[in-house]
Amino acid sequence: MRNLMMAILLVAFVGWLLNWVLLPTKVYRDSWRPSLSSTNFNSAYFEGQGTNLLLFSFPVMFMAGLGCVYLHFHTNKLEKKEKAFSSSSSKRTGKGKFFSFLRRPRVISPLGIVTGVELAFLTMFVALLVWSLANYLHRSFGHSHKLKHGIKPWQVKFRIVALMLGYVGNICWAFLFFPVARGSSLLPLIGLNSESSIKYHIWLGHISNTLFTLHGIGYIVYWAMTNKLSEMLEWSRTWVSNVAGEIALVMALAMWATSFAPIRRRMFEVFYYAHHLYVLFIFFYVLHVGVDFMCTVLPGIFLFLIDRYLRFLQSQRKARLVSARLLPCGSVELNFSKCQGLQYSPTSIMFINVPTISKLQWHPFTVISNSNLEPDELSLVVKCLGSWSQKLSQQISTSADHRLEVSVEGPYGPVSSHFLRHEALVLISGGSGITPFISIIREIIFQSSSNPNSQIPSQILLICAFKNSADLAMLDLLLPAGGTPHPIPDLNLQIEAYITREIEPPAAARIRTKRFNPTRSDLPIASNLGPNPWLWLGAIVVSSFSIFVVLLAVLTRLYIYPIDRNARDGSFHYSFFVLFDVFLACTSVLTVSSAVFILRKKQRGSGGEGGRVKSLEMEMEVVSPSPPRPAGSFVGGEVESVPARQVAEATKVHYGRRPDLEGILLGCQASEVGVMACGPRSLRHEVARICSSGPAQNLHFESISFNW
């Protein structure tokens, strides 16, 4: 059944791509579209937009709905498969080696680290853009002889080029929102998640903004050449609105200008708030392109709207913050209560909002806890670098009422723990980049503790580079604050910590632990849709889109179509078509999502998943000094426990130098070595270059980056 569903999904995807390939051709314009648009059903119930709904919207929504069903069964089977794998000694097959070869880094550039698969798809996408532009121009230049009075042939062709650049930009927009729909089923179907796919959103944003800018400037130049600048202020009743397009372009330029790395990293708040202009941009964009082109880009926006509204509903619940640990390096570990049914994979992230700091700002942070090792608690680490995180640390330190209101979204992460399949594992981090590896090590600890015969990497090497010795406190987080229930059997873990700006160990360090007193309104973090979330998400996707189509057909048949057929002063206002579509889409999503969310909330309440707030005695701040950190000791941990002693024996600290990454990686003798890097761009690029070199055939690279 799963293979059948995947085959159907593949056919639907290929068919959808073929529609994009055929869209700019004469075959589509002269044969397909006229035959589909001429039917009475299409004209009476959809006013011509039914063709694009059928060819471009329906396939993606079908894939999203069926994909949820597939992921439901795939996730359940994957859990059983990983358990079976953990007890076996299976090796990677030839097929697995082939896909590993495709995932090797091929291009390392300012655009990021591009694998062989990504390079192939990027090449095909650029080919689609070139193909579309060439066909649009070839098709339109054939009609350029139909000149208006006073307009020269080259001016007509100039206008055609400007118009077609906008058409091609719409193709980018059809894909733009898929990477940022964090809970959508489309990315997991191809083994991706939103965090690892954010670079695709960035690439598509750069391409589309370039095309739309050329499109807008081209039209302004054309109007200036033909003395028709007054058309910039035109809002046509029967065609697209020029004013709406100009407003949309201004919004796009504001988002684009503030999204470049120098501004985004130094002035994150400017980037963050400017990017919220996307709401206005979408509104004026669809008013400009009209209902026909809106239907071609509708699926991405529709799925993003579902995901965004579900995240909004989750954020309305206040999370139960239990305690916080303030580390000497300035980082803060936040520990939340969670429902035992909430499962997530290592390297997941969670977005948090603290209203007392900012009601609008949401920031992503790495989840370091393990859902199996710590069934009742979820922990994440905040590195205090910017103004928001520094205010958070200050509030935690100075809070007198032991109360902090926090809202969360997530967690979001990969579907499976694929790193367990490697024979050896090398984790390379810089600074706070160690946080995703904490969750990986905890997962390996759980696997080795729960099943002594589990198949985990035979060698685990953690290489962490820090600027100052105070950052060594991050190693205290390798084990949960409450410790592990059992010793760690046969865990071949080696930790090499490098302090680059100091040449001797510090005298001492202190870790402060602060506990909070939650109220009855604070709830444990739970899955947004409860048990079987993929099935419920599929129900929301299918139901909301079906309701949208039905309402659109009814409204068109009973209201719009009679006006168009009987009107004497012209047809129905063109912009009103778009407004009705937007209103019906939002109404469908909000109604269905709210109904499902409330239903699942009531079921969680009756099932006791939310639970009563456990009575917590108000505790004053607990300050626990950490012992001195000599080289080779477990830094800042309580070495009395057996697991902590094992980690202490595996830790070695090097002062005043950087790790020799090339020598370490090329010296790995295992036949299959998983190499994961997280940290500054320069570090990740250096590791990628080493892993893509000729001698490194046994190295399988993966970059973890949360740079927005």
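A quick note: this is a predicted structure, and the numbers were derived from the prediction, not measured. (Residues numbered from 1 in each chain as written. Predicted model: local features only at pLDDT ≥ 70, side-chain atom pairs only at ≥ 80, totals over all residues. Heavy atoms only, no water.)

### Description of the overall build of the protein chain
Then, number 1: Secondary structure summary: the protein chain contains 20 helices and 18 strands in total.
Then, number 2: Among the 708 residues that make up the protein chain, the fraction classed as buried is 53%.
Then, number 3: Considering only contacts in the protein chain between residues 6 or more positions apart, those separated by 24 or more positions represent 79%.
Then, number 4: When the accessible surface of the protein chain is split by element, carbon and sulfur atoms take 62% of a total near 32,100 Å². (Helix = DSSP H or I, 4+ residues; strand = E, 2+ residues; numbered from the N terminus. Buried < 20%, exposed > 50% of the residue type's maximum accessible area, 1.4 Å probe, protein only. Contact = heavy atoms within 4.5 Å. Areas by Shrake-Rupley, 256 points an atom, 1.4 Å probe, with all protein chains shown as cover.)

### Concerning the UniProt feature "transmembrane region" (unreviewed entry) in the protein chain
Then, number 1: The sites that carry the UniProt feature "transmembrane region" (unreviewed entry) are, in the present numbering, residues 53–73, 107–134, 160–181, 202–223, 243–263, 534–560 and 572–599.
Then, number 2: In residues 107–134, helix accounts for 68% and strand for 25%; the two terminal C-alpha atoms are 27 Å from one another.
Then, number 3: Across residues 160–181, the secondary structure splits into 77% helix and 0% strand, with the terminal C-alpha atoms separated by 34 Å. (UniProt positions renumbered as here; feature names shortened; annotations may be inferred.)

### Some details on the pairing of strand S5 (residues 331–337)
In regular strands, side chains alternate between the two faces of the sheet.
Then, number 1: The element S5 is largely enclosed, with a buried count of seven among its seven residues.
Then, number 2: Judged by which residues are buried, S5 turns out to be covered on both faces: Ser331, Glu333, Asn335 and Ser337 on one side and Val332, Leu334 and Phe336 on the other are all buried.
Then, number 3: As paired strands, strand S4 (residues 321–326) and S5 are joined by five bridges and run antiparallel to one another. Each bridged residue has a counterpart across the sheet, and for Leu326 the counterpart in S5 is Val332.
Then, number 4: Here S4 folds back onto S5, and the loop between the two strands holds four residues, one of which, Gly330, carries a positive phi near 100 degrees.
Then, number 5: Both S5 and strand S8 (residues 377–383) contribute to a ladder of seven bridges, which runs antiparallel. When the bridges of S8 are listed, Phe336 appears paired with Leu378. (Pairing = 2+ DSSP bridges.)

### Topic: a nonpolar patch on the surface
Then, number 1: A surface patch of nonpolar side chains, about 610 Å² in accessible area, is lined by Met1, Leu4, Ile8, Leu54, Phe58 and Phe62.
Then, number 2: Looking at the nonpolar patch, the elements that each hand over two or more residues are helix H1 (2–22) and helix H4 (50–86).
Then, number 3: The dominant element in the nonpolar patch, judged by the number of residues it contributes, is H4, at three residues.
Then, number 4: Locating Leu4 in the fold gives a position in helix H1. (Patch = residues over 30% accessible without salt bridge, like charges linked within 9 Å, V, L, I, M, F, W, Y side chains within 5 Å. Salt bridge = Lys/Arg side-chain N within 4 Å of Asp/Glu carboxyl O.)

### Details of the sheet that holds strand S10 (residues 424–430)
Then, number 1: With parallel pairing, the six strands of this open sheet are ordered in space as S16-S12-S11-S10-S17-S18. Two strands bound the open sheet, and with one partner strand each, they are strand S16 (651–655) and strand S18 (699–704). The mean inter-strand angle of the sheet, taken between neighbouring strand axes irrespective of direction, is 15 degrees.
Then, number 2: Strand direction decides the pairing type here: S10 and strand S11 (residues 459–466), joined by seven bridges, are parallel. Paired with Val426 across the two strands is Leu461, which belongs to S11.
Then, number 3: The strands touched by helix H15 (residues 435–450) are S10, S11, strand S12 (493–499), strand S17 (673–678) and S18; relative to S10, the strand with the most contacts, the crossing angle is about 150 degrees.
Then, number 4: On the sheet, helix H20 (residues 681–691) packs against S10, S17 and S18 and is oriented at approximately 160 degrees with respect to S18. (Axes fitted to C-alpha atoms, helices over the stretch in contact; angles between N-to-C directions.)

### A closer look at the packing of aromatic side chains
Then, number 1: With the rule as written, the count across this model stands at 31 aromatic pairs.
Then, number 2: Their ring planes at 70 degrees and their centres at 6.4 Å tell us that Phe351 and Tyr412 sit as a pair that is edge-to-face. Here Phe351, found in strand S6 (residues 349–353), pairs with Tyr412, found in strand S9 (residues 407–412); they are 61 residues apart in sequence, far enough to count as distant.
Then, number 3: Judged by its relative accessible area of 3%, Phe351 falls in the buried class.
Then, number 4: Through pairs of rings, three or more aromatic residues link up here, namely Phe13, Trp16, Trp20, Phe56, Phe125, Phe175 and Phe178.
Then, number 5: Above the ring of Phe141, the side-chain terminus of Lys157 is found at 5.5 Å from the ring centroid.
Then, number 6: Here the basic side chain of Arg182 rests over the ring of Phe351, its NZ or CZ set 3.6 Å away from the ring centre. (Phe/Tyr/Trp six-rings, centres within 6.5 Å; stacked < 30°, edge-to-face > 60°. Lys NZ or Arg CZ within 6 Å of the ring centre and 35° of its normal.)

### Examining the pattern of salt bridges
Then, number 1: Counted under the stated rule, the structure contains eleven salt bridges.
Then, number 2: Here Glu409 and Arg311 are joined by a salt bridge, their closest N and O atoms 3.3 Å apart. With Glu409 in strand S9 and Arg311 in helix H13 (residues 278–315), this pair connects stretches of sequence that are 98 residues apart. Each of the two residues, Glu409 as well as Arg311, counts as buried.
Then, number 3: For Glu405, the salt bridge is made with Lys318, and the minimal N-O distance between the two is 3.6 Å. Taken as a pair, Glu405 in the loop between helix H14 (387–398) and S9 and Lys318 in strand S3 (residues 318–319) lie far apart in primary sequence, 87 residues in all.
Then, number 4: Judged by relative accessible area, Glu405 falls into the partly exposed class, the value being 30%.

### Structural notes on the side chain of Ser315
Then, number 1: By the element assignment, Ser315 lies in helix H13.
Then, number 2: In this structure Ser315 touches Trp362, Ser407, Val408 and Glu409, once residues within four positions along its chain are discounted.

### Structural notes on the side chain of Ser236
Then, number 1: Position of Ser236 relative to the elements: it lies in the loop between helix H9 (194–225) and helix H10 (242–257).
Then, number 2: Of the residues examined, Ser236 reaches a relative accessible area of 12% and is grouped as buried.

### Digging into the pairing of S18
Then, number 1: With six bridges connecting them, S17 and S18 associate as parallel partners. Residue pairing across strands places Gly674 opposite His700, the latter belonging to S18.
Then, number 2: Chirality of the crossover, the property in question, places the unit of S17, H20 and S18 among those that are right-handed. (Right-handed = clockwise from strand over helix to strand, strands pointing away.)

### Details of the packing of H9 against H10
Then, number 1: Orientation of H9 relative to H10, taken along the N-to-C sense of each, is 135 degrees, at an axis distance of 10 Å. The orientation of H9 relative to H10 falls into the category oblique. The hand of the H9/H10 crossing is left-handed. Where H9 approaches H10, its residues His206, Asn209, Thr210, Phe212, Thr213, Gly216 and Trp223 are matched on the opposing element by Asn242, Glu246, Leu249, Ala252, Leu253 and Trp256.
Then, number 2: Residues that form the contact of H9 with H10 fall into these classes: six nonpolar, six polar and one charged. (Parallel < 35°, antiparallel > 145°, perpendicular 65-115°, else oblique. Left-handed = near helix turned anticlockwise from the far one by under 90°. Nonpolar A, V, L, I, M, F, W, Y, C, P; charged D, E, K, R; others polar.)

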